[in-house]
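An overview of the molecular structure
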Amino acid sequence: QAQKAPSCRREPGRQGPKAEALAAAALAADFRGRRRSRGGDGDLHGLDLTASQQAAPCGVASGMSIKKRIRPGKIEASPDAPAIVVHFTTEITYLAEDGEPDYVEKVPDSRELPLADELQGLRSEDIPVLAQKVVERCRYIPATKVRHVEQVLTKLAAVHSGCLVAPSPARSGAPSRSNGSNGWYAPSSQASNWRLVDVLPWANLDKIDDYVEALYEDSMDAKADGAQKLLRLSTEVRQLEDIAQHPTLLGVLSRELRENAKRSHQLAVSVCGIFLCLAHFSQFHPVLSSHQCADVTVRIVEYETRRREMLKKELKLQQGQMVARGSSVSADERRKLDQEEGKYRILFERQDPAVEFAVVKQRLGHFLLVLLVRGAAEDLLLITLGLLHLLSRVQQSKDQFIQNSDAMSRLAELVGHQHIDVSLTALRICYNLCFDERGRNILATQTSLLAKLSPACQQSSTRKVALKVLYQLSTGASLRSTVAKSAPDCIPLALHAAVKSRDHRPELEGMALCINFAADEACAMVLVKAEGFHKAALRGIHGADPLMLKVLRHAAAHPPVRRRLLGVMRAGEGEEDSWLHEVVRVAGASANRPEVLVEAIGVLAAFDSSNSEVPWLTLCEGGLLEVLHRLLMVGFSDDDVQLECIMLVGTLALDSECVPLLATSKVPRLLADLLAEKEDDADFISQLLFAVRCLLLQEETREVVLRDTDLVDQVLEMLRSSMGRALDAAEQVVHSAADDVLDAAVAADSSGDSELARDIKAYRFEAHNFEWCHRQQHNERHVERLEAPLAVSVSAHNSREHRGHGGGGFDGYSSHRHRSR
């Protein structure tokens, strides 16, 4: 991306905006030329660093006091000359007679510092000295901008002295992103400072037609020489537009690369270099596409990949032969194969889905995976990872990646790479692959990714992406136990990331990880034992944090973890089990926050009556029953909250100390209303029936249920309504729980002669003999249908006989009809 044009006036002699943008972007172009060290001490000669005085504005008295202040601005390289452009703003404050500011004028300005003589023969080790001298002699540059001036001088030396001056390894340990390209660039720490003329021959733009004519020669040497001179011209960014607009140049280069790349390695490298220089700028992409430059380059990559595989096979064969002779492969033979690395760079200039699908279709991902597996130089490795990161978003390419086990293992190893950009890019690829279930399983079980994630979570530059990868791995229930076995150190790191924040707010990535880990028994045990869990839990409870309450709820759901959790939370508290009382207080004060209510009540419901460490009696006396009474009222709270409350009622009903308080409360009477209201919710009804059964097991609550409620009658009516029809799995669970309620009700009646006991026995007889009872009912209804007309006829005859005693003529007729019937 081109740097912004300075806001001040344009200096005389500068070019237009288009040329400025191209030249500014070229200052960071990714062409890696080499130069030989030359003499030159880097002294400054004749720099004009003085500033002109500003005149008073119109309307301001000339006798007023003036106070000037220089505010430094942007420091950049000049796009058309070997110079540094320093931007600054002059603030002129005009003071009134009393000394107060009356008017402030801000005048933007810039100064250009010519450095043509200083850049001649400049060596990389001389750049810090030159930057310090520039800062000392220019009053518009603060002393804190020495490092920035060094970077600007490095860019100037790369462009105007015909070379790329590589920064010293001690001063730049990490690779940088090229400003003129979207591709990855990592300067090699072993590159020598060679001059560009030692790598490529001298060339002149006026003779470009002669160089194009050389490509038509029969000799490969002449073709290669012409291509090298064209490459030399391409290194000058001002000449790229002329090269792209040449009528035949790109077409000839594309044809020569397609036809003669196998015949001349030097020709292929030169042509690919020309394409690379043009590809840095998006305005040249249509021209490259129209001449199929990308397609022919991919074919060269495919050819070189196959050739590399053949060389590897030959090398293994030669090694075997040498070992058989008692020798080994020499260093020179290995060096010849290593020199094949890093010849081509196919870069994505824009993250365009159409381009990505086209690249996938050309099988570029296959070649990139080969480069990734075999190992490469650091700069080529970074480019390969950058392209694979873009391709990992495409499903077809992702499947290809997952099927390559060697590439997955290599990717996991690169997560622990010492180079920060390599490690970060590898993590991002793993993050994309973890959205696929197969990718998660392979990365967690068949690679060393889990072992590399622990150090990555501790580094500030990779911590956020590493936590996201770990979260994706923890979404699989089967992979959480793998994390507990293979990388238990990641679990405390997730807790540390969740609670360590400046504003005392939990970090979402860390909290999400803790919630997933708490859902697994092995991970929950490690999480509870982690240092700082007690403080994090107390802070979450006091702050009514639903995420931390969910962690406690999941951890308390595992019986082996439950006792450890109570011991950890009790440690360090002044009052025993005060944290449980705080949970009750939070539930009572969060009536308008259902997300907090469901977690707070869920923490209490996760414990059972067998835990003697839980003070159920003191909790009930402290307001727990009042909270349950309010939340169990129909329509007062959400279904999830009421479900957790019913689970807690079942737990309290099994505690002998809490039974008297529960019997005197209004909680048992509210269950009948909920049973009638939620009859269509199978999960809710099954849990409610279990709580009713627990109430029937205790004498005090049993009397309340049987005397003051109609819960048993509702259960009978519910069972009769579903008698004789097929039940699904959820309805079968409800029927099983209802039968348990009836068993508890029958067991409570010692005599067995009560009306409720007789109704239950009648229902069970009918349920076990449903077909016979159904047949009997059918027969009875059939008999009733046959007897009904006869009863009507007899009744009518009797009435007529009674009326016929007054006239004799009707007696014989009536008797005759009766006999005929």
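In this report, we go over the structure that sits alongside the text. This one's a predicted model, so the numbers in the text were calculated from it and none came from an experiment. (Residues numbered from 1 in each chain as written. Predicted model: local features only at pLDDT ≥ 70, side-chain atom pairs only at ≥ 80, totals over all residues. Heavy atoms only, no water.)

Another point: the packing of aromatic side chains. For the structure on display, the rule yields four aromatic pairs. Pairing Phe281 with Phe284 gives two aromatic rings, centres 6.1 Å apart and planes at 80°, and the pair type is edge-to-face. Accessibility expressed as a relative area gives 5% for Phe281, which makes it buried. The exposure class assigned to Phe284 is buried, which follows from its relative accessible area of 6%. (Phe/Tyr/Trp six-rings, centres within 6.5 Å; stacked < 30°, edge-to-face > 60°. Buried < 20%, exposed > 50% of the residue type's maximum accessible area, 1.4 Å probe, protein only.)

As paired elements, strand S2 (residues 83-95) and strand S3 (residues 101-114) share 13 bridges and run antiparallel to each other. Within the sheet, the bridge partner assigned to Thr93 lies in S3 and is Val104. Between the end of S2 and the start of S3, which pair antiparallel, lie five residues, with Gly99 showing a positive phi angle near 90°. (Pairing = 2+ DSSP bridges. Helix = DSSP H or I, 4+ residues; strand = E, 2+ residues; numbered from the N terminus.)

Within the largest apolar cluster, 149 residues are counted, with the highest numbers of intra-cluster contacts made by Phe401, Leu453, Phe533, Trp579, Phe607, Leu652 and Leu689. Counting residues in each nonpolar core, the second largest holds 36 residues, with Leu200, Ile208, Ile243 and Val296 among its members. (Core = buried A, V, L, I, M, F, W, Y, C linked by side-chain atoms within 4.5 Å.)

Attention now goes to helix H25 (residues 508-518). The element H25 is largely enclosed, with a buried count of eight among its 11 residues. Gly510, Met511, Leu513, Cys514, Ile515, Asn516, Phe517 and Ala518 are the residues of H25 that are buried. Check the buried side of H25 and you find it contacts helix H22 (463-474), helix H23 (477-486), helix H24 (490-499), helix H26 (521-529) and helix H28 (546-556). (Contact = heavy atoms within 4.5 Å.)

Trp579, Leu580, Glu582, Val583, Val584, Val586 and Ala587 are the residues of helix H30 (residues 578-588) that are buried. Considering only its buried residues, H30 is in contact with helix H27 (533-542), helix H29 (559-570), helix H31 (594-606) and helix H32 (616-631).

For the coordinates displayed, the defined rule picks out zero disulfides. The structure places no disulfide on Cys658, whose sulfur is separated from the nearest cysteine sulfur, that of Cys620, by 3.8 Å. (Disulfide = S-S within 2.5 Å.)

Glancing now at the sheet that holds S3. Taken together, the three strands give an open sheet; going across it, the order is S1-S2-S3, and neighbouring strands pair in antiparallel fashion. In this open sheet, the two edge strands, each paired with only one partner strand, are strand S1 (65-77) and S3. The average angle at which neighbouring strand axes cross in this sheet is 20°, direction not considered. (Axes fitted to C-alpha atoms, helices over the stretch in contact; angles between N-to-C directions.)

In total, this model carries 23 salt bridges according to the counting rule given. For Glu256, the salt bridge is made with Arg255, and the minimal N-O distance between the two is 3.2 Å. Across the salt bridge formed by Asp436 and Arg438, the nearest N and O atoms sit 3.2 Å from each other. On the basis of relative accessibility, which here comes to 13%, the residue Asp436 falls in the buried class. By relative accessible area, Arg438 is classed as partly exposed at 39%. (Salt bridge = Lys/Arg side-chain N within 4 Å of Asp/Glu carboxyl O.)

As a further point, take the packing of H27 against H28. The contact between H27 and H28 brings their axes to 8 Å, and the two run at 125°. Between H27 and H28, the interaxial angle falls into the category oblique. Judged by the sense of rotation from one axis to the other, the crossing of H27 with H28 is left-handed. Along its contact with H27, which presents Phe533, Ala536, Ala537, Gly540 and Ile541, the element H28 presents Met548, Leu549, Val551 and Leu552. Grouping the amino acids of the contact of H27 with H28 by side-chain chemistry returns eight nonpolar, one polar and no charged. (Parallel < 35°, antiparallel > 145°, perpendicular 65-115°, else oblique. Left-handed = near helix turned anticlockwise from the far one by under 90°. Nonpolar A, V, L, I, M, F, W, Y, C, P; charged D, E, K, R; others polar.)

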